[in-house]
Amino acid sequence: MRILLPLFLFTMVFLAVSCKGKEKGPVVINEITITDSQGQSATDDSSAQYFRAAIDNQLAEWKQSFQGFQPDSFRFSQRTSFKEKEVQDTADMKELLSLFGPSMVFTSDSSQYLDLFSAGISLERRGKKLVAMSDVDQAVTLCNLKTGKLKQIAFFGPSAGIEEAVWLDGTRFILAGTMHNDDGKPQAFVLIGDTGKESYSWYESTITRAASTDYTASGIRKLKIDEWE
């Protein structure tokens with residue numbers, strides 16, 4: 001009896017500690033597990049709950065370009081602020097809109113837009129033709145037409161890039177793209193941003209796109225480029 005009592009007490013303490021540890025596990029929002037790089041829960045990323053709806057609707061074509069796409073395979077990895085990014089000059093806005101307007105993604109009230117391509121592609125009209133020259137780098141620009149503020153909020157090298165953008169509402173948006181993994185395969189990732197908080201959260205996955213899949217971003221198609229140089 002003297003032996004069983006300490007064993008019973010030890011078992012109860014062990015179970016209590018185990019249950020307490022489980023309470024600090026990652027937060028699951030709409031079947032998407034959200035934990036940051038330090039293992040801390042990211043409870044303030046409430047916009048993740050709209051991810052599945054956007055994937056099935058506005059980003060349906062992008063989703064279909066991957067093999068075995070599963071929304072719940074995306075995992076929160078880091079949060080990036082663009083609050084301190086330099087505000088750029090909007091003097092050439094009219095010319096920019098005339099060339100890249102079809103590819104820009106506007107909010108429902110047209111007060112803000114996301115520009116995925118003008119920083120990495122040069123467009124020139126030659127007679128009736130629209131000729132393009134592309135760079136290996138890409139920058140995503142956010143413009144608020146009410147305040148006249150324009151800033152680059154994300155930059156990518158040749159191994160990664162954003163292909164699609166959608167607005168969830170007047171302040172929140174999703175940027176969807178790919179980054180090459182160690183095997184050189186395009187791997188899906190998304191950024192969920194908030195213009196009010198001036199930040200976006202990264203969600204990475206192991207979902208890859210087959211080499212045989214020829215995917216062209218919808219914004220590029222809308223530009224109706226006649227020739228690439």
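Residues numbered from 1 in each chain as written. Predicted model: local features only at pLDDT ≥ 70, side-chain atom pairs only at ≥ 80, totals over all residues. Heavy atoms only, no water.

This paragraph deals with the nonpolar core. With 33 residues, the main nonpolar core has Leu 114, Leu 123, Val 140, Ile 153 and Leu 175 as its most contacted residues. In this structure, Leu 114 is in contact with Met 104, Val 105, Val 140, Thr 141, Leu 142, Ile 153, Ala 165, Trp 167, Phe 173 and Leu 175, ignoring residues within four places of it in sequence. One finds Ile 55, Ile 174, Ala 176 and Val 190 within the second-largest nonpolar core, a separate group that totals 18 residues. (Core = buried A, V, L, I, M, F, W, Y, C linked by side-chain atoms within 4.5 Å. Buried < 20%, exposed > 50% of the residue type's maximum accessible area, 1.4 Å probe, protein only. Contact = heavy atoms within 4.5 Å.)

Opposite charge on two side chains allows them to pair when their charged atoms are near. Scanning the entire structure with this criterion turns up eight salt bridges. A salt bridge links Asp 56 to Lys 63; the shortest N-O distance between them is 2.8 Å. Taking the relative accessible area as the measure of exposure, Lys 63 reaches 23% and is therefore partly exposed. In this structure, the salt-bridge partner of Arg 126 is Glu 124, at a minimum N-O distance of 3.5 Å. Look at Arg 126 and you get partly exposed, because its relative accessible area is 37%. Judged by its relative accessible area of 38%, Glu 124 is partly exposed. Each of the salt bridges in this network shares a partner with another, and the network as a whole consists of Glu 124, Arg 126 and Glu 229. (Salt bridge = Lys/Arg side-chain N within 4 Å of Asp/Glu carboxyl O.)

As for its placement among the helices and strands, Gln 187 is situated in strand β12 (residues 186-194). Classification of Gln 187 by relative accessible area gives buried; the value is 17%. Reaching out from Gln 187, the side chain makes a polar contact with the backbone oxygen of Ser 205 at a distance of 2.6 Å. Setting aside chain neighbours within four positions, we find Gln 187 in contact with Gly 177, Thr 178, Met 179, Asn 181, Ser 205, Thr 206, Ile 207 and Thr 208. (Helix = DSSP H or I, 4+ residues; strand = E, 2+ residues; numbered from the N terminus. Polar contact = N/O pair within 3.5 Å; in protein donor to acceptor, adjacent residues only side chain to side chain.)

Spatially, β6-β7-β14 is the arrangement adopted by the three strands of the open sheet, whose pairing is mixed. The outermost strands of the open sheet, each flanked by one partner alone, are β6 (121-126) and β14 (227-228). Strand direction decides the pairing type here: β6 and strand β7 (residues 129-134), joined by six bridges, are antiparallel. Each residue of the ladder has a partner; that of Arg 126, found in β7, is Lys 129. Most of the contacts of helix α4 (residues 93-100) go to β6, to which it runs at about 80°, and overall it touches β6 and β7. (Pairing = 2+ DSSP bridges. Axes fitted to C-alpha atoms, helices over the stretch in contact; angles between N-to-C directions.)

Our next topic: the environment of Tyr 203. Relative to the helices and strands, Tyr 203 resides in strand β13 (residues 199-208). Classification of Tyr 203 by relative accessible area gives buried; the value is 2%. Between the C-alpha atom of Tyr 203 and that of Ala 176, which follows or precedes it by 27 residues, the distance is 9.7 Å.

Bringing the packing of aromatic side chains into the picture now. In this structure the tally under the stated criterion is 13 aromatic pairs. With a centroid separation of 4.9 Å and an interplanar angle of 70°, the aromatic rings of Trp 62 and Phe 66 are classed as edge-to-face. The same class applies to Trp 62 and to Phe 66, which are both buried. Taken together, a centroid distance of 5.8 Å and an interplanar angle of 70° make the contact between Phe 76 and Tyr 203 edge-to-face. One end of the pair, Phe 76, is in strand β3 (residues 75-81); the other, Tyr 203, is in strand β13, with 127 residues separating them in the sequence. The same class applies to Phe 76 and to Tyr 203, which are both buried. The residue whose ring lies beneath Arg 209 is Phe 66, and the NZ or CZ to ring-centre distance is 4.5 Å. (Phe/Tyr/Trp six-rings, centres within 6.5 Å; stacked < 30°, edge-to-face > 60°. Lys NZ or Arg CZ within 6 Å of the ring centre and 35° of its normal.)

Looking now at the confidence of the model for the protein. On average, residues of the protein score 82 in pLDDT, and 78% of them reach the 70 mark or higher. Mean pLDDT values over the elements of the protein span from 29, in strand β1 (residues 27-29), up to 98, in strand β4 (residues 105-106). Overall, residues 1-44 carries pLDDT values under 50, and its contacts beyond four positions in sequence, including any with other chains, amount to 41 contacts. (pLDDT = per-residue confidence, 0-100.)

Looking now at the pairing of strand β11 (residues 172-180). In terms of residue burial, β11 counts as a mostly covered element, since seven of its nine residues are buried. Note that strand β10 (residues 160-167) and β11 share seven bridges and pair antiparallel. Looking at β11, one finds that Glu 164 is bridged to Ala 176. As defined by bridge partners, β11 adjoins β12 across nine bridges and the pair is classed as antiparallel. Bridge pairing links Ile 174 to Ile 192 in β12. Between β11 and β12, which pair antiparallel in sequence order, lie five residues; one of them, Gly 184, sits at a positive phi of approximately 80°.

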